[in-house]
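Take a look at the letters that make up each chain.
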Amino acid sequence: WGRRWNQAVRSMMKRGVFKPLLQRKVPRTTAITITFLVSGFFHEYITTIVTYQHADDNKHSQNKQWYGGNLLFFAWNALLVLLEHTIGKTWLFERVSNFPVPKLVRSLLVVSMALPLGHIITNDMIQTGYFGHIALGL
């Protein structure tokens, strides 16, 4: 999972959360879950900073920040990774995995699994006009 997305956060979470948990003899599935949840809190914190609006800026706006979206998104992805580890060890998937799957197909499968909750991770940025502000800078 981490090799497919944000390399800086992946590296930080692996060295700062995942590996220390494994060294403390925490079961791998628990370490995976905790790492994804910490990543969710981290992304929640960053998104809150980036999309923060002062009360004066938000007087006439109907847009309200919704907290917890990043955490929910990363909890969903933790579930998907745990399912991949669990189901991937069954005899059916071991036999199917011997067939080469094109990289494009694998990427589409990964995105299609994350997509149902993808809007949650960008909701605050859309609601607070973040992307519009970025466009002004370009």
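What you see is a predicted model, and the numbers here were worked out from it, not measured in a lab.

Caption draft 1: View of the overall build of the protein chain. Along its length, the protein chain carries seven helices and zero strands. Going from the N terminus to the C terminus, the protein chain shows its helices and strands as α-α-α-α-α-α-α. Residues counted as buried form 25% of the 138 residues belonging to the protein chain. Taking the contacts inside the protein chain whose residues are at least 6 apart along the sequence as the reference set, 68% of them involve residues at least 24 apart.

Caption draft 2: Layout of the packing of aromatic side chains. With the rule as written, the count across this model stands at one aromatic pair. A ring pair is formed by Phe-73 and Phe-74, whose centres lie 5.4 Å apart and whose planes are at 85 degrees; its orientation type is edge-to-face. In this structure, Phe-73 and Phe-74 share a single accessibility class: buried.

Caption draft 3: Region of the structure containing the confidence of the model for the protein chain. Summary statistics for the protein chain give a mean pLDDT of 78 and a share of 75% for residues scoring 70 or more. Per-element confidence in the protein chain is highest for helix H1 (residues 7–23), whose mean pLDDT is 91, and lowest for helix H4 (residues 91–96), whose mean pLDDT is 64.

Caption draft 4: Molecular detail of the environment of Phe-18. Position of Phe-18 relative to the elements: it lies in helix H1. Phe-18 gets classed as buried once you look at its relative accessible area, which sits at 14%. Placed 15 residues apart in sequence, Phe-18 and Thr-33 show a C-alpha to C-alpha distance of 9.4 Å. Sequence-distant contacts of Phe-18, defined by excluding residues within four places in its chain, comprise Met-13, Arg-28, Ala-31, Ile-32 and Thr-35.

Caption draft 5: Quick look at the packing of helix H2 (residues 28–51) against helix H3 (residues 69–87). At a minimum axis distance of 8 Å, the contact between H2 and H3 shows a crossing angle of 155 degrees. Classified by the interaxial angle, the pair formed by H2 and H3 is roughly antiparallel. Viewed along their axes, H2 and H3 form a crossing whose handedness is right-handed. Mapping the contact onto sequence places Thr-29, Ile-32, Thr-33, Phe-36, Leu-37, Ser-39, Gly-40, Phe-41, His-43, Glu-44 and Thr-47 in H2 and Gly-69, Asn-70, Leu-71, Phe-74, Ala-75, Asn-77, Ala-78, Val-81, Leu-82 and His-85 in H3. In the contact of H2 with H3, the residues fall into ten nonpolar, ten polar and one charged.

What counts and what doesn't
Residues numbered from 1 in each chain as written. Predicted model: local features only at pLDDT ≥ 70, side-chain atom pairs only at ≥ 80, totals over all residues. Heavy atoms only, no water. Helix = DSSP H or I, 4+ residues; strand = E, 2+ residues; numbered from the N terminus. Buried < 20%, exposed > 50% of the residue type's maximum accessible area, 1.4 Å probe, protein only. Contact = heavy atoms within 4.5 Å. Phe/Tyr/Trp six-rings, centres within 6.5 Å; stacked < 30°, edge-to-face > 60°. pLDDT = per-residue confidence, 0-100. Axes fitted to C-alpha atoms, helices over the stretch in contact; angles between N-to-C directions. Parallel < 35°, antiparallel > 145°, perpendicular 65-115°, else oblique. Left-handed = near helix turned anticlockwise from the far one by under 90°. Nonpolar A, V, L, I, M, F, W, Y, C, P; charged D, E, K, R; others polar.

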